[in-house]
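Spelled out from the first residue to the last, the chains are:
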Amino acid sequence: MKIIWFATIVVSFLGFACQAPVAELEEIPAYTIEQFLNTEQIGGSAFSPDESKIMYSSKKTGIFNAYEIPVDSGDTQQLTSSDSESVFAISYFPEDERILFTSDQGGNEINHLYVKNLSGETTDLTPDSTAKAQFYGWSYDQQSFFYTSNQRNPQAFDLYELEISQIDAIENNTATYQPKLVFENPGQFYPAAISEDKKLVSLTEPITRQKVNMYLYNVETGTTEMINDAEDTVAYSPQYFSHDGKYLYFLADKNSEYAYLSRLDLATGEMEKVREANWDIWYAYESRNGKYQVVATNEDARTKIAIYNQETGSEVKLPNMPAGEITSVNISDSERLMSFYINSSTSPSDLYVYNFDTETYQRLTNTLNPEIEQSHLVAGEVVRYNSYDGLEIPALLYKPKIASADSLSPAMLWIHGGPGGQSRLNYNALMQYLVNHGYTIFAVNNRGSSGYGKSFEMADNQKHGDVDLKDCVAAKDYLAKLDYVDAEKIGIMGGSYGGYMTLAGLAFTPEEFKVGVDIFGVANWLRTLQSIPPWWGAARESLFAEMGNPEIDSAALYDKSPLFFADQITKPLMVLQGANDPRVLQVESDEIVEAVKANDVPVEYVVFEDEGHGFVKKENQIKGYQAILEFLNQHLRSNSGEPTAYNRGDN
């Protein structure tokens, strides 16, 4: 059974890197942010019951809504019409075309689950206004679905089952809302996978990022059993129960730098390794009747998908596909069709469908704004440089096509979210916008980033604002040696943890970076760690283990909090913040802005009243991203205000 995962740690915010010829200097137009954001952003896929259509989410109207498109290509149809809150499509019902979707309120992350019936009416299936709910998949018999909710205890996600028959009754006003409680969470667990017979639920218990225990919950007996050895310092991650009911497949990194795929024999308790690579296996799942196994590997900031025919034991050889990485593979219930996306740093995600019988594929969408020529965009280049202590740091470099030794480019370090995120070679509108306007972008995967082995990931534990910042300073030094970069015009930017690194760079190394752009970054770790949303539950303790516990590590957290050293910030700063952000509260940005203003330093502050931890509405993105470019043009590109080779008369 496929599961949609609950993210337990801060998600990454930004992304990636580059190389391109210089000869076409005058032929590359300066595109507007509106043109970049008129590229359609889409995601997700679900087959209709007859497999004739695929439902997905799109921001075509400026806010996410649910759409559907025929698998043989054709016109899309908009299924929801929200003009205030983003709607993310989940699934059709198994036997009719009612749809499930999820939405929160202004980015507050209190997601609810909704059903839109065939007459167009919408019902909130998780109506508790204070509770967060997340879809966990349809039961194998397709008569119910599972979801988690913290309605009983704000700090614990219980697992529930809701029957279709009850949804029918709720819609007909003949019954009240009474989901079945499958697993009452004592607080430290997260449900992962559910067996097809509904008798077993796999659970995780995060202790740290490097130690995650794995359990089996027996629904019939109500007992919970730890599967791994208690002394293991291993990150276990259950993936799925096999169709034949014999195995639980899971990821682990025991005695390895990288996560590999193993399976547990449910009868004997024996574990065996199934698949491994010299990179992390990210996830794996099995198609409905067990014919195919899908395995995704994180290979040097790219996703590599492998599909195995379990009847023949061989890997499915896909036809030659367009350039880019294949992601979000979804095999239909009949196991005849497969939907997937192809994405690259120069091409946004497009939806495709593959037919296993005919061995052919069909492209269903073309999301890049036709006003933008793809050849004008910049592909990311994976590079590595040595940090202060000789540790090799991976990064993604984007060189503007108009940059050369005769036309030096200002540059920005781009720091991902996290802690523990990773910049990847995906399309990013803001990044391409800045590169198109002449800024070299260097997306640094500093120590502590995921994807490069657990030793690398652990290398910054409780050393944030120190060793990770030194990696960023070394990245600046690397950029300064490139013959097309203006060594005197290098800044730093990022969101969430990347925003923290921006503030840390300006406060703790005040002469290294010329400007900083902080996008909802942490300024005060003591407050942030004390105000973690209750639904983080056990993940809160995991974050404490990495960053420090505010109850016992207050001095260290004080020392790594830029707010308390804001008097050292002397370079221009821009801050962007969502008023509804539950992770980094607006007060964090309010206080750092006021503190830096007291230094008589240029500060620009943009607050979006209807956004949270990440800006999803197009009108807000247009305002925010254009403001970033204008800030950089004024304070980095030309501090004197005099024209430069990159001031092309537009923003």
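It should be emphasised that the depicted structure is a prediction, and the values quoted were computed from it without experimental measurement.

**Student:** Explain the pairing of strand β36 (residues 603–608) here, please?
**Tutor:** Consecutive side chains of a regular strand alternate in pointing toward one face of the sheet and then the other. Two elements, strand β35 (residues 573–578) and β36, share six bridges in a ladder whose sense is parallel. Across the sheet, Leu573 pairs through a bridge with Val603, a residue of β36. Read from β35 through helix α10 (residues 586–597) to β36, the crossover connection turns out right-handed.

**Student:** Please clarify how the pattern of salt bridges should be interpreted in this entry.
**Tutor:** Side-chain pairs of opposite charge can arise whenever the charged atoms involved come near each other. Here the structure, examined in full by the defined rule, presents 30 salt bridges. Arg152 is the salt-bridge partner of Asp158, the closest N and O atoms lying 2.6 Å from each other. Assessed through its relative accessible area of 0%, Asp158 is described here as buried. For Arg152, a relative accessible area of 37% gives the class partly exposed. The closest approach of N and O atoms between Arg263 and Glu272, which form a salt bridge, is 2.7 Å. Assessed through its relative accessible area of 38%, Glu272 is described here as partly exposed.

**Student:** What am I meant to see in helix α2 (residues 164–171) here?
**Tutor:** Taking burial as the measure, the eight residues of α2 include six buried ones, the bulk of the element. Buried within α2 are the following residues: Ile164, Gln166, Ile167, Ala169, Ile170 and Glu171. Immediately beyond the C-terminal end of α2, within one or two residues, lies Asn173, with a positive phi of roughly 60 degrees.

**Student:** Could you clarify how one ought to interpret the packing of aromatic side chains in this entry?
**Tutor:** Think of a pair of aromatic rings as described by two things: how far the centres are apart, and how the planes are tilted against each other in angle. A complete count under the given rule lists 34 aromatic pairs for this structure. Seen in terms of ring centroids, Tyr236 and Phe250 are 6.0 Å apart; in terms of plane orientation they differ by 50 degrees. Their pairing is tilted. Taken as a pair, Tyr236 in the loop between β16 (223–226) and β17 (237–241) and Phe250 in strand β18 (residues 247–252) lie far apart in primary sequence, 14 residues in all. In this structure Phe250 comes out as buried when scored by relative accessible area, which is 1%.

**Student:** Explain the sheet that holds strand β9 (residues 133–138) to me, please; I cannot follow it from the model alone.
**Tutor:** The strands making up a sheet associate through backbone hydrogen bonding, with each pair oriented either parallel or antiparallel. Pairing within the open sheet is antiparallel, and its four strands lie in the order β9-β10-β11-β12. Both outer strands of the open sheet, β9 and β12 (180–183), are each paired with one neighbouring strand and no more. Looking at each pair of strands side by side, their axes are set apart by 35 degrees on average, direction ignored. Bridge analysis of β9 against strand β10 (residues 144–153) gives five bridges, and the strand direction is antiparallel. Residue pairing in the sheet places Ala133 in a bridge with Ser149 of β10. Its contacts with the sheet put α2 on β9, β10 and β11 (156–163), and the angle it makes with β11 is roughly 80 degrees.

**Student:** Would you mind showing me how to read the packing of helix α3 (residues 429–436) against helix α11 (residues 618–637) here?
**Tutor:** To describe two helices that pack against each other, one gives the angle between their axes and the distance between the axes. Between α3 and α11, the shortest axis-to-axis distance is 11 Å and the interhelical angle comes to 30 degrees. In terms of their interaxial angle, α3 and α11 are classed as roughly parallel. Of the two possible hands of crossing, α3 and α11 adopt the one that is right-handed. Residue-level contacts link Leu430, Tyr433 and Leu434 of α3 to Tyr625, Gln626, Ile628, Leu629 and Leu632 of α11. Its residues placed into classes, the contact of α3 with α11 shows seven nonpolar, one polar and no charged.

**Student:** Is there a simple way to explain unusual backbone geometry in this structure?
**Tutor:** In most cases, non-glycine residues show a negative phi, while peptide bonds are predominantly trans. In this structure, Pro419 follows Gly418 across a cis peptide bond, with omega equal to 0 degrees. Considering the arrangement of structural elements, one finds Pro419 in the loop between β31 (409–415) and α3. If you check the backbone angles, Asn255 has positive phi at about 60 degrees while not being a glycine. Within the secondary structure layout, Asn255 lies in the loop between β18 and β19 (260–265). Classification of Asn255 as exposed rests on a relative accessible area of 77%.

**Student:** Teacher, can you tell me more about the pairing of strand β14 (residues 200–206) here?
**Tutor:** Across the seven residues of β14, seven count as buried, placing the element largely inside the fold. Side chains Leu200, Ser202, Thr204 and Pro206 of β14 all project onto a buried face; the interleaved residues Val201, Leu203 and Glu205 project onto the opposite face, where all are buried too. For strand β13 (residues 190–194) and β14, the ladder comprises three bridges, and the chain directions are antiparallel. Bridge pairing in β14 links Pro191 to Leu203. The turn linking β13 back onto β14 is made up of five residues, and Lys198 within it adopts a positive phi angle of 70 degrees. Across seven bridges, the pairing between β14 and strand β15 (residues 212–218) is antiparallel. Residue pairing for β15: Pro206 is matched across the bridge by Val212. The antiparallel pairing of β14 with β15 creates a hairpin that spans five residues between the two strands.

**Student:** Is there a simple way to think about the confidence of the model for the chain in this case?
**Tutor:** Low pLDDT marks regions whose predicted coordinates should not be analysed in detail. Averaged over all residues, the pLDDT of the chain is 92; the fraction at 70 or higher stands at 94%. Below pLDDT 50 for its whole length, residues 1–26 participates in 111 contacts with residues either more than four positions away or in separate chains.

**Student:** For this particular structure, what's the right way to read the sheet that holds strand β27 (residues 347–355)?
**Tutor:** Taken together, four strands build an open sheet; the order of strands is β25-β26-β27-β28 and the sheet is antiparallel. Strands at the two margins of the open sheet, each flanked by one partner only, are β25 (325–331) and β28 (360–363). Neighbouring strand axes in the sheet, compared pairwise and without regard to direction, differ in orientation by 25 degrees on average. The pairing of β25 with strand β26 (residues 337–344) spans five bridges and is antiparallel. Residue pairing in the sheet places Thr327 in a bridge with Tyr341 of β26.

Criteria and thresholds
- Residues numbered from 1 in each chain as written.
- Predicted model: local features only at pLDDT ≥ 70, side-chain atom pairs only at ≥ 80, totals over all residues.
- Heavy atoms only, no water.
- Pairing = 2+ DSSP bridges.
- Helix = DSSP H or I, 4+ residues; strand = E, 2+ residues; numbered from the N terminus.
- Right-handed = clockwise from strand over helix to strand, strands pointing away.
- Salt bridge = Lys/Arg side-chain N within 4 Å of Asp/Glu carboxyl O.
- Buried < 20%, exposed > 50% of the residue type's maximum accessible area, 1.4 Å probe, protein only.
- Phe/Tyr/Trp six-rings, centres within 6.5 Å; stacked < 30°, edge-to-face > 60°.
- Axes fitted to C-alpha atoms, helices over the stretch in contact; angles between N-to-C directions.
- Contact = heavy atoms within 4.5 Å.
- Parallel < 35°, antiparallel > 145°, perpendicular 65-115°, else oblique.
- Left-handed = near helix turned anticlockwise from the far one by under 90°.
- Nonpolar A, V, L, I, M, F, W, Y, C, P; charged D, E, K, R; others polar.
- pLDDT = per-residue confidence, 0-100.

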